Amino acid sequence: MKQTPYWLDSVEPFRNGAAGPLEGRADVAVIGGGFTGLSAAMALAQRGAKVVLLEAERVVGGASGRNGGHCNNGLSHDFGGAAARLGLERARALYHAFDAAVDTVERIAGEEQIACDFRRCGKIKLAAKPAHYETLARSFELLHREADPDTALVPASKIRDEVDSAAFHGGLLYRKSAQLHVGRFGVGLAQAAHRRGAAIFENARVTAIRRLGGTRHRISSARGEIEAAQVLLATGASPQAPWFFRRRLIPVGSFVIATAPLTAAQLDRVMPTRRNATTTKHIGNYFRVSPDNRLIFGGRARFAASNPRSDRKSGRILEATLHEIFPQLSDLPIEYCWGGSVDMSADRYPRAGERGGIHYAAAYSGHGVQMSVHMGQMMAAVMDGHPEANPFRELDWPAVPGHFGRPWFLPLVGLYYRFKDLRS
Ligand SMILES: Cc1cc2nc3c(=O)[nH]c(=O)nc-3n(C[C@H](O)[C@H](O)[C@H](O)COP(=O)(O)OP(=O)(O)OC[C@H]3O[C@@H](n4cnc5c(N)ncnc54)[C@H](O)[C@@H]3O)c2cc1C
């Protein structure tokens, strides 16, 4: 079994990284070569800025190349809960920001001719218990009326037309959701940023960011130093991020396995509609079919950090869950297993803006494939004098009490969610 993400194992790596040491001046330094940073670097270069991107390792080697490949619309929150907390208007605006984010991915893939198998497949949220279907049905009423007429309820009697498993009791369909090969998209995005003139420095871990005044900073990295008139922090929950962010971003492990390819006939039985699927449990799962017919099956599995040993352990839990859901696939070999770090905020809403002269976009909380690409574009507009482009500009962002960068409390959170999954 390979421990490389399937997405990165099935794409030619980016080969146009900048050579030589990092030195001199730039209009903008983008820190982090995931979707946020690459999308911003491309858009800023298109706007005429001299852009330098600094990536600690390889581009899309972080969450952007390690995720489940779902490019879903919709909030990670129940729409009614979001409306109760933020007001209907704001909740609707944030919901529609995710619609716009899926459109942004589709637009960029089309304009830049990135062959990434982008497909508007829809997403089905699967009720893991009969009571969960009742909750979905209540949520659907408000959502369908106020924000998304392209949603539909799928009752228990019809759910096997979507996913052939006895484990589910109905579902909620989001027709606007999409999927893509995130490795091909990410490398294509890096090529597009390079074509527009952004200099991409890989193996250039940033070790210090010193403010010179206003938004001007001096940045030290493993490949040299640079002075930039503006900085965009696009690192997710990096241990090198300034203190303000380490107190607010919680790195949470998430894990994925990929099976050997299924035959078309097997898939027609198991997942006839080939949509993205997520389950309603707190410690739930997400799955879809890859362009070469593998089942890409992910989940939190354990509340632990990702590293090779932890990924293998989580992979075994995911394999057992996959067999519970699809006992008919228990002979199917698992060929890939990997993990990554999800950057969460305490309330699971993304955050973006400017702090201490540094612009940032982060905290996509597991819904970042679409939003990171979109926020890269939006932050380019913000940094070019259009703060209104930031859909998250009005959200405050208090520190997480007791959190100083290492999420010591995650095992307790895991226990709490396990208990909730047993009870409700
Ligand atoms: C296992 C898993 C499954 C997921 N599944 C989904 C999904 O199906 N759908 C969905 O919408 N979202 C999903 N997500 C979330 C989504 O992948 C992320 O929200 C999104 O990719 C974040 O992009 P980013 O560019 O902000 O961060 P990243 O892709 O993490 O990029 C940040 C980059 O910054 C670099 N960096 C860090 N520190 C430094 C430094 N000091 N100097 C220079 N560079 C640095 C890192 O090396 C990294 O390449 C998943 C995440 C994981 C981990």
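Let me begin by describing the structure that accompanies this report. For clarity, every value in this text was computed on a predicted model and none was experimentally measured.

Analysis parameters
- Sequence positions are assigned chain by chain, starting from 1 and proceeding in written order.
- Per-residue local features are limited, in this predicted model, to residues with pLDDT of at least 70; the limit for side-chain atom pairs, both in listing and counting, is 80 or more; totals at the level of whole chains, interfaces and linings are taken over all residues.
- Hydrogen atoms and water are omitted, and side-chain values are computed over all heavy atoms in the structure.
- Residues forming no salt bridge and having over 30% relative accessible area are the ones grouped into patches, like charges within 9 Å of each other and nonpolar side chains (Val, Leu, Ile, Met, Phe, Trp, Tyr) within 5 Å.
- To measure how exposed things are, a 1.4 Å probe is used in the Shrake-Rupley method; for residues, cover is taken only from the protein chains shown.
- Basic side-chain nitrogens of Lys or Arg form a salt bridge, by our definition, when they fall within 4 Å of a carboxyl oxygen of Asp or Glu.
- By the counting rule applied here, Lys and Arg register as positive and Asp and Glu as negative, while His and the ends of each chain are not counted.
- Charge placement uses NZ in Lys and CZ in Arg. For Asp and Glu, CG and CD serve respectively.
- Helix and strand definitions follow DSSP, with helices as H or I runs of at least four residues and strands as E runs of at least two, each counted in order from the N terminus.
- Working definition: with a 1.4 Å probe on protein chains only, accessible area under 20% of the residue-type maximum means buried, over 50% means exposed, and in between means partly exposed.
- Two aromatic rings, drawn from Phe, Tyr or Trp (for Trp, its six-membered ring), form a pair once their centres lie within 6.5 Å of each other, and the interplanar angle then sorts them: stacked below 30 degrees, edge-to-face above 60, tilted otherwise.
- The rule for a charge over a ring is simple: NZ of Lys or CZ of Arg within 6 Å of the ring centre, and within 35 degrees of the ring normal.
- Being near a molecule or strand, for a residue, comes down to having at least one heavy atom within 4 Å of it.
- In protein, a polar contact requires one atom able to donate a hydrogen and another able to accept it; more generally it is a pair of N or O atoms within 3.5 Å, and residues adjacent in sequence count only if both atoms are side-chain atoms.
- Amino acids are sorted into nonpolar (Ala, Val, Leu, Ile, Met, Phe, Trp, Tyr, Cys and Pro), charged (Asp, Glu, Lys and Arg) and polar (every other residue, Gly among them).
- Any two strands with at least two DSSP bridges between them are considered paired.
- Whenever a helix is involved, its axis is fitted only over the stretch in contact; in every case the axis is a line through C-alpha atoms, and angles between N-to-C directions fall within 0 to 180 degrees.

## Some details on a positive patch on the surface
Now for step 1: A cluster of like positive charges, contributed by Arg309, Arg312, Lys313 and Arg316, occupies part of the molecular surface.
Now for step 2: Inspection of the secondary structure puts arginine 312 in helix H9 (residues 308–325).
Now for step 3: A relative accessible area of 35% means that arginine 312 is categorised as partly exposed.

## Overview of unusual backbone geometry
Excluding glycine, residues mostly have negative phi values, and the peptide bonds linking residues are mostly trans.
Now for step 1: Phi at aspartate 117 is positive, roughly 55°, even though this residue is not glycine.
Now for step 2: Within the secondary structure, aspartate 117 is located in the loop between helix H4 (88–111) and strand S4 (123–126).
Now for step 3: Positive phi, close to 65°, is recorded for alanine 363, a residue that is not glycine.
Now for step 4: Within the element layout of this structure, alanine 363 appears in the loop between strand S18 (358–362) and helix H10 (368–383).

## Considerations on the packing of aromatic side chains
Now for step 1: Scanning the model with the defined rule gives 14 aromatic pairs in all.
Now for step 2: Plain terms: the ring middles of tryptophan 408 and phenylalanine 409 are 5.3 Å apart, the flat faces sit at 85° to each other, and that makes the pair edge-to-face.
Now for step 3: You can call tryptophan 408 exposed: its relative accessible area is 56%.
Now for step 4: Connected via pairs of aromatic rings, a cluster forms that spans Phe244, Phe245, Tyr360 and Trp397.
Now for step 5: One cation-aromatic arrangement involves lysine 123 over tyrosine 174; the distance from NZ or CZ to the ring centre is 4.7 Å.

## Describing the site of the ligand
Now for step 1: Around the ligand, the structure places 37 residues, and the nearest of them are Thr36, Glu55, Ser64, His70 and Ser238.
Now for step 2: Contact between the ligand and threonine 36: an oxygen atom at 2.8 Å from a side-chain N or O atom of the residue.
Now for step 3: Between the ligand and the protein, one listed contact pairs an oxygen atom with a backbone N or O atom of glycine 69 at 3.5 Å.
Now for step 4: Here the ligand loses 93% of its free accessible area of 1,000 Å² to cover by the protein chains.
Now for step 5: Going through the elements one at a time, helix H2 (35–46), strand S12 (250–259), strand S16 (334–344) and H10 are the ones with two or more residues in the shell around the ligand.
Now for step 6: If one sorts the elements of the shell around the ligand by residue count, H10 sits on top with four residues.
Now for step 7: For the shell around the ligand, the residue count by class is 13 nonpolar, 21 polar and three charged.

## Quick word on the sheet that holds S16
Backbone hydrogen bonds hold the strands of a sheet together, and the pairing may be parallel or antiparallel.
Now for step 1: Across the sheet, which stays open at both edges, the eight strands sit in the order S5-S6-S4-S13-S14-S15-S12-S16 with mixed pairing between neighbours. The sheet is open, and its two edges are formed by strand S5 (151–154) and S16, each paired on a single side. Strand-to-strand twist across the sheet, computed as the mean angle between neighbouring axes with direction ignored, equals 20°.
Now for step 2: Both S4 and strand S6 (residues 171–174) contribute to a ladder of four bridges, which runs antiparallel.

## Comments concerning the pairing of S18
Now for step 1: A large share of S18 lies buried, amounting to five of its five residues.
Now for step 2: Burial along S18 is two-sided: the residues Ile358, Tyr360 and Ala362 and His359 and Ala361 are all buried.
Now for step 3: By the bridge criterion, two bridges tie strand S11 (residues 224–233) to S18 in an arrangement that is parallel. By the bridge assignment for S18, leucine 233 is matched with tyrosine 360.
Now for step 4: Across five bridges, strand S17 (residues 351–355) lies against S18 in antiparallel orientation. Counterpart to arginine 351 in the pairing with S18 is alanine 362.

## Let's talk about the pattern of salt bridges
Now for step 1: Counted under the stated rule, the structure contains 29 salt bridges.
Now for step 2: As a salt-bridge pair, arginine 107 and glutamate 111 come within 3.1 Å of each other at their nearest N and O atoms. One end of the pair, arginine 107, and the other, glutamate 111, are both in helix H4, four residues apart, so they sit about a helical turn from each other.
Now for step 3: Classification of glutamate 111 by relative accessible area gives partly exposed; the value is 49%.
Now for step 4: Residue arginine 351 pairs with aspartate 347 through a salt bridge whose shortest N-O separation is 2.8 Å. Like arginine 351, the residue aspartate 347 is buried in the burial classification.

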